There are 4 protein chains.
Amino acid sequence: MPVKILFIGDIIGKPGRQALSRQLDRLVDRYCVDMVIANGENAAGGFGLTTDTAKELFDLGVGGLTSGNHIWDKKEQVPLVLASQRIIRPANYPEGVAGQGSMILATPGGVKVGVLNLEGRVFMKYLECPFRTADREIERLRQETPIILVDFHAEATSEKASLGWYLDGRVSAVIGTHTHVQTADERILTQGTAYMSDAGMTGSFDSVIGIGKDEAIRKFLTQLPVKFEVPKKDIRLNGVVIDIDEATGKALAIERIAVCC
Amino acid sequence: MPVKILFIGDIIGKPGRQALSRQLDRLVDRYCVDMVIANGENAAGGFGLTTDTAKELFDLGVGGLTSGNHIWDKKEQVPLVLASQRIIRPANYPEGVAGQGSMILATPGGVKVGVLNLEGRVFMKYLECPFRTADREIERLRQETPIILVDFHAEATSEKASLGWYLDGRVSAVIGTHTHVQTADERILTQGTAYMSDAGMTGSFDSVIGIGKDEAIRKFLTQLPVKFEVPKKDIRLNGVVIDIDEATGKALAIERIAVCC
Amino acid sequence: MPVKILFIGDIIGKPGRQALSRQLDRLVDRYCVDMVIANGENAAGGFGLTTDTAKELFDLGVGGLTSGNHIWDKKEQVPLVLASQRIIRPANYPEGVAGQGSMILATPGGVKVGVLNLEGRVFMKYLECPFRTADREIERLRQETPIILVDFHAEATSEKASLGWYLDGRVSAVIGTHTHVQTADERILTQGTAYMSDAGMTGSFDSVIGIGKDEAIRKFLTQLPVKFEVPKKDIRLNGVVIDIDEATGKALAIERIAVCC
Amino acid sequence: MPVKILFIGDIIGKPGRQALSRQLDRLVDRYCVDMVIANGENAAGGFGLTTDTAKELFDLGVGGLTSGNHIWDKKEQVPLVLASQRIIRPANYPEGVAGQGSMILATPGGVKVGVLNLEGRVFMKYLECPFRTADREIERLRQETPIILVDFHAEATSEKASLGWYLDGRVSAVIGTHTHVQTADERILTQGTAYMSDAGMTGSFDSVIGIGKDEAIRKFLTQLPVKFEVPKKDIRLNGVVIDIDEATGKALAIERIAVCC
Ligand SMILES: [Fe+2]
Ligand SMILES: [Fe+2]
Ligand SMILES: [Fe+2]
Ligand SMILES: [Fe+2]
Ligand SMILES: [Fe+2]
Ligand SMILES: [Fe+2]
Ligand SMILES: [Fe+2]
Ligand SMILES: [Fe+2]
């Protein structure tokens, strides 16, 4: 029996959480999902994550949360949030930084699923090499389970695709996040790893990647700092369902999800 | 009768040109395409454009070529290439730079189509404001035709989406290029402009965005300069077909195209 | 008689203002300074400028204030601050942005001094071309006076030096700011323009470019956001005195200033 | 008896090598220099280093060469050049990259001098953390000698100053390179480490940081790729002399050097 994982792209604020509340149960049923994993770096007001929003997402059926560069935005919440065993931040932050970069979850049927979070460096921060960090973490995770999902939170398509090929055959899936735009390049690479450059976002689509259109345009027109609001209309959920062979950890299928809520 | 435009994402080297030679006629027939426009910045060996490769593309049925940051790569060819009335470079390069940023083409039925090329600034070069350049160019083009397609060659999804909304209702379509990964966010915005963050690429998909996987991975692992080759396997064509109302210039439909060749 | 201008590099918070209160009168006397101009973008708590801190600096003898990328930090103060006729922000911000990019001041002896503020683009924001903005502004200012000082607030040494040579012979001085480190390359270029890549900073030198050493190091070690304090010890004033021929506007001498306070 | 080291900033092409041929002997005599170290990343035609140019510099009296981001420019020469025991590249390139990041040289009097090369990350490449690499390398070098000079090849003043303070008391000197502009901030930090943000450059000063003024200006005006030439006029040598206590490795004095040749 394949293990079916639904991975949900960056959840943006309250509209993003509403999307899950309206559609998650239905999606889990329809796709016979064994485990739901979501990127939560924008779940609290569009910037960062709080223990309250994380609990809300877990209560809605999310099994584990990955994150990215915005996880540090709600500064006083960071230690509490990252103390959770079901929330991870990119593994390639330097030594000494709070939180964990990977976790092992279990499906209701008792199948172990390793989840690894990495952050890209191109156009972003000066972190440890995501390729080498992946080598290390995957070796450790594979001692527990062959089923491993990687959330690669990155900007540049070249870096994402390179990591996909680099890990091909060693993990079940490499799914990108961070650009908030779903890509149409889902496929299974030649050695059996499911790949997709970006899972997209979950929140208001009457927006510029989840935040206010007018503010975003004003920022480009003035080059001045702008305070962003999270719009509420045209709510959609973006993600991807991956079928994984339980014994080998190879991907059997990958299907893009984009539903109006 | 709607005007149907097929826009093809960045053509990468010889495999990209082969993709057109194998599939373009079929696509034109199947979708009743009135005009084919393609991004040609990588058509010559993966970097830049030459008069020979441009002629090859025109002979295959391409009506006009847009470009982007790589158009300057074949330096001695630039003046000749940009002298063509059917090849444009981003309009927001500074005054004095060779070439034109927009062009007006005509379908076999005599319908005028304005094509505007812009380049993003985020993570790229220090060009003129693409939003204000668009204002100026569109005003000029609309005196000739309400049918205007914009190729926004840019990296950041926020900049692309912002320009889409900014031009909504004023042009027929804003289609992104440059990331070489097709996005799944095609839609018609509220005022009638077709939008898609990236048309994707046309060339070898046994690659990292069109160039060699091994070299790309090596570059990330070493941070050293690497010489890239264009791979040949798994050739695909990425693009988008837009149906436009001839009288108003509003988009009637937008459909993603991704075919194996 | 030459006109003597003292230009003071980025004033950082209270220690920076104290530096002026302790040393400015002495410097004005010693160098027979006719006019004091200072960069005030960090004068309020290290980030931005307020009407109160501007008034404090004017009362201490500063004749006019230039600024840079940090002028927008105290958001609610921006409209008030930039309404002053003696405070400018970089001239190459886009049309529609509050404030003015140049000003004409007068020495006690009635000599008019044009001051132009520009911001670099390399590693910074996507502003208008500083070279072309300079052309336009200088043409306007020269109708009033041949004595023109340019504060080029920029990061990259190549961009600074290029602007210096580009304006050589057309302005009295091109003095850089923004890096907060004084450079030792002061000289008079071949056509008579005084040039120096950076005037340095005025504030605590028991610091990393004016802000807390420990926080700065922590930021590099963790790649996490850090809240910065302005240290208080080892206060110094950095700047430059330029002697300018009143009739021609050519620089006669340039002297670096770095004094402990 | 203090050990006296002359460190010379980035040598740019033939004019840079001429500067040494004309002035190095005189400087060594005048300052009683025990060892000459120079940054050679631009010594061959402005871009990279060759075995021939390295030999020329060693014959002129240079004891060891550091480098930086441009050391990879003469690609076919890299393996030969980096095989030398007297040439280093930044130590924080990833594992597997050719060459060594530190070296131990000896003065004619037999005193061992450790030299460590690091490259900054801000606005540059995605390398290993220079702070942590420094920790590791310095621990190793200190087992041989307390006299350690660090060439920190970096762009951002904040990163340079942070590393200076971070290593204060553990090395004899932290001297910056890469901006090609000498800074006026030389000093001995509180725990005994000599510090200066940038040693400057050695080559033609009728230039923009060592390369052609007209080409540099054209690049900023057009945003197009430009081919650079190395100008020949107004040759100067920039560097710094550091006096170091032989027993403790603490800096006793630091003096900026800028001579016309
Ligand atoms: Fe996000
Ligand atoms: Fe993100
Ligand atoms: Fe491209
Ligand atoms: Fe491109
Ligand atoms: Fe500043
Ligand atoms: Fe600044
Ligand atoms: Fe250099
Ligand atoms: Fe360099």
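This is a predicted model, so every value here is computed, not measured. (Residues numbered from 1 in each chain as written. Chains lettered and ligands numbered in written order. Predicted model: local features only at pLDDT ≥ 70, side-chain atom pairs only at ≥ 80, totals over all residues. Heavy atoms only, no water.)

Draft legend 1. Seen up close, the layout of surface pockets. The calculated volume of the second largest pocket comes to roughly 480 Å³. What lines the second largest pocket is a set of 24 residues, and nearest its centre among them are A:E95, A:E128, A:R136, D:E128 and D:R136. Elements represented by at least two residues in the lining of the second largest pocket include exactly α4 (130-142) of chain A together with α4 (130-142) of chain D. Its residues placed into classes, the lining of the second largest pocket shows eight nonpolar, seven polar and nine charged. (1 Å grid on protein atoms, 1.4 Å probe; cavity = no way out; pocket = protein on both sides within 12 Å on 5 of 7 lines; lining within 4 Å. Points joined across faces, edges and corners; volume = space filled by probe spheres on them. Helix = DSSP H or I, 4+ residues; strand = E, 2+ residues; numbered from the N terminus. Nonpolar A, V, L, I, M, F, W, Y, C, P; charged D, E, K, R; others polar.)

Draft legend 2. Quick look at the interface of chain A and chain B. Facing the 37 residues of chain A at the interface are 37 residues of chain B. Summed over the shared surface of chain A and chain B, the result is two salt bridges. Residues A:R187 and B:D234 are paired through a salt bridge, measuring 3.5 Å at the closest nitrogen-oxygen approach. At the junction of chain A and chain B, the tally comes to 12 residue pairs in polar contact (both at pLDDT 80 or more). Sorting the residues of the side of chain A that touches chain B by element identifies α4, α5 (157-167) and α6 (213-222) of chain A as the ones contributing at least two each. Considering every element that reaches the side of chain A that touches chain B, the biggest residue donor is α5(A), with seven residues. For the side of chain A that touches chain B, the class distribution of residues is 17 nonpolar, nine polar and 11 charged. (Contact = heavy atoms within 4.5 Å. Salt bridge = Lys/Arg side-chain N within 4 Å of Asp/Glu carboxyl O. Polar contact = N/O pair within 3.5 Å; in protein donor to acceptor, adjacent residues only side chain to side chain.)

Draft legend 3. Just the relation of the copies chain A and chain B, in detail. With an RMSD of 0.0 Å, chain A superimposes on chain B once it is rotated by 180 degrees and translated 0.0 Å along the axis. As the rotation angle and translation indicate, the two copies are arranged about a two-fold axis. Residue A:T183 of chain A places its C-alpha closer to the rotation axis than any other residue of that unit, at 1.9 Å. Of all interface residues in chain A, 100% are interface residues in chain B too; the two copies therefore contact each other through one and the same surface. (Least-squares fit on C-alpha atoms with pLDDT ≥ 70 in both.)

Draft legend 4. Seen up close, the sheet that holds strand β4 (residues 102-106) of chain B. Residue and element names in this part refer to chain B. Taken in spatial order, the six strands make up an open sheet running β4-β5-β6-β7-β9-β8, and their pairing is mixed. Of all strands in the sheet, those with a lone pairing partner are β4 and β8 (187-188), marking the two edges. In terms of strand pairing, β4 meets strand β5 (residues 112-119) through five bridges, oriented antiparallel. Pairing of A106 across the sheet is with K112, part of β5. Helix α4 (residues 130-142) contacts β4, β5 and β6 (148-153) of the sheet and is inclined by roughly 165 degrees relative to β5. (Pairing = 2+ DSSP bridges. Axes fitted to C-alpha atoms, helices over the stretch in contact; angles between N-to-C directions.)

Draft legend 5. Focus on the interface of chain D and chain C. Facing 37 residues of chain D, the contacting portion of chain C comprises 37 residues. Summed over both sides, the interface between chain D and chain C buries roughly 3000 Å², with carbon and sulfur atoms accounting for 64% of that surface. For chain D, the biggest contributors to the area lost against chain C are D:W165, D:F220 and D:L221; these three give 20% of the whole. Linking chain D with chain C are two salt bridges. Of all the elements in the fold, those that place two or more residues in the side of chain D that touches chain C are α4, α5 (157-167) and α6 (213-222) of chain D. At seven residues, the largest contribution of residues to the side of chain D that touches chain C is made by α5(D). Residue composition of the side of chain D that touches chain C, grouped by class: 17 nonpolar, nine polar and 11 charged. (Buried area = accessible area lost by both parts, 1.4 Å probe.)

Draft legend 6. Seen up close, the relation of the copies chain D and chain C. Once chain D has been moved 0.0 Å along the axis and rotated by 180 degrees, it coincides with chain C to within an RMSD of 0.0 Å. Take the interface residues of chain D: 100% of them recur as interface residues in chain C, which is what a same-surface contact looks like.

Draft legend 7. View of the environment of C:G114. Inspection of the secondary structure puts C:G114 in strand β6 (residues 112-119). Discounting chain neighbours no more than four positions away, the residues touching C:G114 are C:M103, C:I104, C:L141, C:T145, C:I147, C:I148 and C:L149.

Draft legend 8. Broad picture of the coordination of the iron ion (ligand 3). Residue and element names in this part refer to chain B. Donor atoms from the polypeptide that bind the iron ion (ligand 3) are D10 (OD), E41 (OE), N42 (OD1) and H180 (NE2), placed at 2.1 to 2.2 Å. Separating the iron ion (ligand 3) and the iron ion (ligand 4) is a distance of 3.5 Å, and E41 donates to both of them. Comparing E41 with N42 shows no difference in burial state: the two are buried. (Donors = N, O, S within 2.8 Å, 3.2 Å for Na, K, Ca; no water. Buried < 20%, exposed > 50% of the residue type's maximum accessible area, 1.4 Å probe, protein only.)

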